[in-house]
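# Chain and residue survey
As a plain string of letters, each chain reads:
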Amino acid sequence: MVDIARLFAAAGGRDIRVTILTTTTNARRISSAIDRDSLSGRRISLLTLAFPFKEAGLPEGCENLLSAPTPEINFKLFHGIELLQPEMIDLVRTHRPDCLVTDYLYPWSADVSAELGIPRLAFSGSGFFNLCIADSIEANNPHAQISSESEEFVVPGIPNRVTLTRSQLPDIVKGEAKLSRFFDKLKQAERRSYGVIVNTFHYLEAEYADHYRRVTGLKAWQLGPVSLFINRNFDDKINRGGKSDVNAENCLNWLDSMKPNSVLYICLGSLTRFSKAQISEISRALEESSHPFIWVLAKILKPNGKEQWWLPEGFENRVKQSGKGLIIRGWAPQMAILEHASIGGFVTHCGWNSIMEGVCAGVPMVTWPIFAEQFYNEKLVTQVMKFGVSVGNEVWSVWATEELPLIRGERLRSAVEVVMGGGVEAAEMRRKAVELGKEAKRAVGEGGTSSDELKGLLEEIRGCKSKRRGVEHVA
Ligand SMILES: O=c1ccn([C@@H]2O[C@H](COP(=O)(O)OP(=O)(O)O[C@H]3O[C@H](CO)[C@@H](O)[C@H](O)[C@H]3O)[C@@H](O)[C@H]2O)c(=O)[nH]1
């Protein structure tokens with residue numbers, strides 16, 4: 001979202017000013033990313049609201065999932081956001097923007113936009129592929145005809161043959177009534193929007209962007225990869241949101257000492273939590289594999305809801321002594337790592353931003369989706385564009401608890417071997433990943449598809465404004 005704001009500020013010229021409406025702690029988290037870019041620093045203002053912690057039953061300062069990604073906190077956060085709604089609507093009415101860009105999760109913004117006669121653009125944090133799969137599953141219920149959780153079904157009516165299992169579908173799809181009602185509301189608001197903007201690019205998802213436009217009748221713009229448009233300097237790359245927990249230069253120096261395409265990067269996002277048993281399996285795979293690695297460690301979640309870092313006894317010392325790997329606890333300088341020539345493979349949870357960043361860097365992937373729409377994103381990588389291989393996780397879950405089936409070390413190792421080994425399959429995946437990386441750069445360059453769509457979108461917003469002025473004048 002912040003990258004999108006910076007994109008508008010940078011591309012819009014003098015007549016565009018951007019205001020980001022957010023809550024206090026989140027504002028603190030993003031302000032440095034805005035301020036260090038002098039252009040966006042001048043053209044972007046932050047408008048902050050105090051989060052209603054007490055009323056939502058949350059501890060002070062807990063206003064995003066990073067502090068504790070549990071379902072309980074999730075629900076309370078949603079409740080807090082709901083409580084803020086009247087205040088947010090008032091602010092929009094007072095500021096009267098020419099265009100409102102809001103997350104999919106803010107259905108009210110479609111109403112206030114209609115009231116003010118301004119376009120609402122829904123921002124999807126994920127890609128068109130995900131939107132198309134979600135639409136198809138909701139409309140056709142293909143999983144209803146399947147007898148077991150693990151039987152594959154084909155997603156109907158989309159451009160490619162894509163298979164999923166029922167166990168990989170988000171809870172919401174499988175029908176918790178309260179959640180379903182909420183998501184119906186989001187869908188209706190999406191359909192009442194002026195259009196949607198997506199952090200993607202033509203070459204990666206062209207068919208799915210067209211399919212989405214056709215099925216929904218909505219306008220849709222591909223503006224990405226936003227990270228390429230915006231994050232041009234080193235500081236931007238290493239401090240995207242979180243402050244890096246390692247010395248990025250040391251990390252890159254270590255990568256400099258490695259051969260091209262030889263290092264495996266493992267990061268399962270900022271929200272994933274694992275069991276001790278799962279961490280043990282990953283460490284065993286990494287020790288037994290011949291490839292050097294950078295591992296961004298996921299925390300374990302204890303039964304009492306507390307979190308902690310954990311590694312099997314002696315593992316870290318052995319890694320240090322052999323010089324085979326780096327272990328990062330906390331926020332990694334992910335973009336800078338992925339772009340390094342020594343990185344040869346990326347084990348990812350398939351969060352959309354990670355996929356886009358891996359694509360930009362031309363790195364093939366081992367996919368390990370955990371929850372949200374990550375299983376859908378996985379299929380774009382493994383079944384459609386084919387620049388990655390799945391680790392074989394079958395079960396959607398908010399996090400990997402002790403009860404969930406383990407991904408065994410052997411399974412991880414063999415998936416890593418497919419991507420990092422010297423076989424024909426590995427070469428083909430790498431070729432595809434490199435091609436995508438080139439196309440991503442082309443898309444954001446002068447005359448590129450995303451650059452042109454951005455120009456077109458800004459023109460359209462200006463057009464809406466002129467039309468409104470005309471109407472007001474006549475009135
Ligand atoms: O140590 C870290 C961890 C993350 N990142 C950055 O944080 C972002 C992570 O984003 P993403 O890969 O999308 O993962 P999540 O934070 O898990 O994303 C949530 O939001 C995404 C966008 O809506 C969804 O696709 C995911 O399923 C959902 O989990 C990326 O820019 C990473 O570069 C770092 O720089 N260092």
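Residues numbered from 1 in each chain as written. Predicted model: local features only at pLDDT ≥ 70, side-chain atom pairs only at ≥ 80, totals over all residues. Heavy atoms only, no water.

A separate point is the pattern of salt bridges. The final tally for this structure, using the stated rule, is 32 salt bridges. Connected through salt bridges with shared partners, the residues Glu281, Arg284, Glu288, Arg408, Glu410 and Arg413 form a single ionic network. (Salt bridge = Lys/Arg side-chain N within 4 Å of Asp/Glu carboxyl O.)

Among the secondary structure elements, leucine 457 is positioned in helix 20 (residues 449-474). A residue is classified by how much of its surface remains accessible, and leucine 457, at 0% relative accessible area, is buried. Distance from leucine 457 to glutamate 63, taken between C-alpha atoms, is 32 Å for residues 394 residues apart in sequence. Here leucine 457 is in contact with Phe8, Leu121, Ile197, Trp221 and Leu223, once residues within four sequence places are set aside. (Helix = DSSP H or I, 4+ residues; strand = E, 2+ residues; numbered from the N terminus. Buried < 20%, exposed > 50% of the residue type's maximum accessible area, 1.4 Å probe, protein only. Contact = heavy atoms within 4.5 Å.)

Another aspect to go through is the site of the ligand. Taken together, 18 residues lie around the ligand, and Ala332, Trp352, Ser354, Glu357 and Glu373 are the ones closest in. Between the ligand and the protein, one listed contact pairs an oxygen atom with a side-chain N or O atom of glutamate 373 at 2.5 Å. Looking at the shell around the ligand, the element that brings in the most residues is helix 16 (residues 352-360), giving 4 residues. In terms of residue class, the shell around the ligand is made up of 6 nonpolar, 9 polar and 3 charged. (Near = heavy atom within 4 Å. Polar contact = N/O pair within 3.5 Å; in protein donor to acceptor, adjacent residues only side chain to side chain. Nonpolar A, V, L, I, M, F, W, Y, C, P; charged D, E, K, R; others polar.)

It is worth spelling out the sheet that holds strand 11 (residues 293-297) at this point. On the basis of which strands lie adjacent, the open sheet formed by 6 strands has the order 14-11-9-15-16-17 and parallel pairing. Looking at strand neighbours, the two that pair on one side only are strand 14 (325-329) and strand 17 (388-390), the edges of this open sheet. Neighbouring strand axes in the sheet, compared pairwise and without regard to direction, differ in orientation by 15 degrees on average. The sheet contact formed by strand 15 (residues 343-348) and strand 16 (residues 365-367) spans 3 bridges and is parallel. Note that in strand 16 the partner of threonine 348 across the bridge is threonine 367. Strand contacts of helix 12 (residues 248-256): strand 9 (263-267), strand 11, strand 14 and strand 15, with the helix running at about 150 degrees to strand 11, the strand carrying the most contacts. Each of strand 9 and strand 11 is contacted by helix 13 (residues 276-288), which is oriented at about 170 degrees to strand 11, the strand it contacts most. (Pairing = 2+ DSSP bridges. Axes fitted to C-alpha atoms, helices over the stretch in contact; angles between N-to-C directions.)

Time to look at the packing of helix 7 (residues 128-140) against helix 9 (residues 202-216). Interhelical geometry of helix 7 versus helix 9 gives an angle of 45 degrees and a closest axis separation of 8 Å. The angle between helix 7 and helix 9 falls in the class oblique. Considering the relative orientation of helix 7 and helix 9, their crossing is left-handed. Where helix 7 abuts helix 9, its residues Phe128, Phe129, Leu131, Cys132 and Asp135 lie against Glu205, Tyr208, Ala209, His211, Tyr212, Val215 and Thr216. For the contact of helix 7 with helix 9, the per-class residue count stands at 8 nonpolar, 2 polar and 2 charged. (Parallel < 35°, antiparallel > 145°, perpendicular 65-115°, else oblique. Left-handed = near helix turned anticlockwise from the far one by under 90°.)

Another point: empty space enclosed by the protein. Under the definition given, this model contains 2 cavities of 30 Å³ or more. Residue lining of the second largest cavity: Ser227, Leu228, Met335, Leu338, Glu339, Glu357, Cys360 and Ala361, and that is the complete set. Those elements that provide at least two residues to the lining of the second largest cavity are helix 10 (226-230), helix 15 (334-339) and helix 16. With 3 residues, helix 15 is the single largest residue contributor to the lining of the second largest cavity. (1 Å grid on protein atoms, 1.4 Å probe; cavity = no way out; pocket = protein on both sides within 12 Å on 5 of 7 lines; lining within 4 Å. Points joined across faces, edges and corners; volume = space filled by probe spheres on them.)

Inspection of the secondary structure puts serine 450 in helix 20. Judged by relative accessible area, which is 1%, serine 450 ranks as buried. Excluding anything up to four places from it in sequence, serine 450 contacts Thr200, Phe201, Gln222, Leu223, Gly224, Phe229, Ala443 and Val444.

Okay, the sheet that holds strand 10 (residues 273-274) next. Ordered by their spatial adjacency, 3 strands build an open sheet running 10-12-13, and the pairing between neighbours is mixed. Strand pairing shows two members of the sheet lacking a second neighbour, strand 10 and strand 13 (307-308), which therefore form its edges. The pairing of strand 12 (residues 299-301) with strand 13 spans 2 bridges and is antiparallel. The residue bridging leucine 301 from the neighbouring strand is glutamate 307, located in strand 13.

Turning next to the confidence of the model for the protein. The pLDDT averaged across the protein works out to 91; a share of 95% of its residues lies at or above 70. Taken over the whole predicted complex, pTM reads 0.95, whereas the ipTM for its chain interfaces reads 0.99. (pLDDT = per-residue confidence, 0-100.)

Before going further, it helps to spend a moment on helix 16. Among the 9 residues in helix 16, 8 count as buried, and that is most of the element. Within helix 16 the residues assigned to the buried category are Trp352, Ser354, Ile355, Met356, Glu357, Gly358, Val359 and Cys360. At the C-terminal side of helix 16, glycine 362 shows a positive phi close to 65 degrees.

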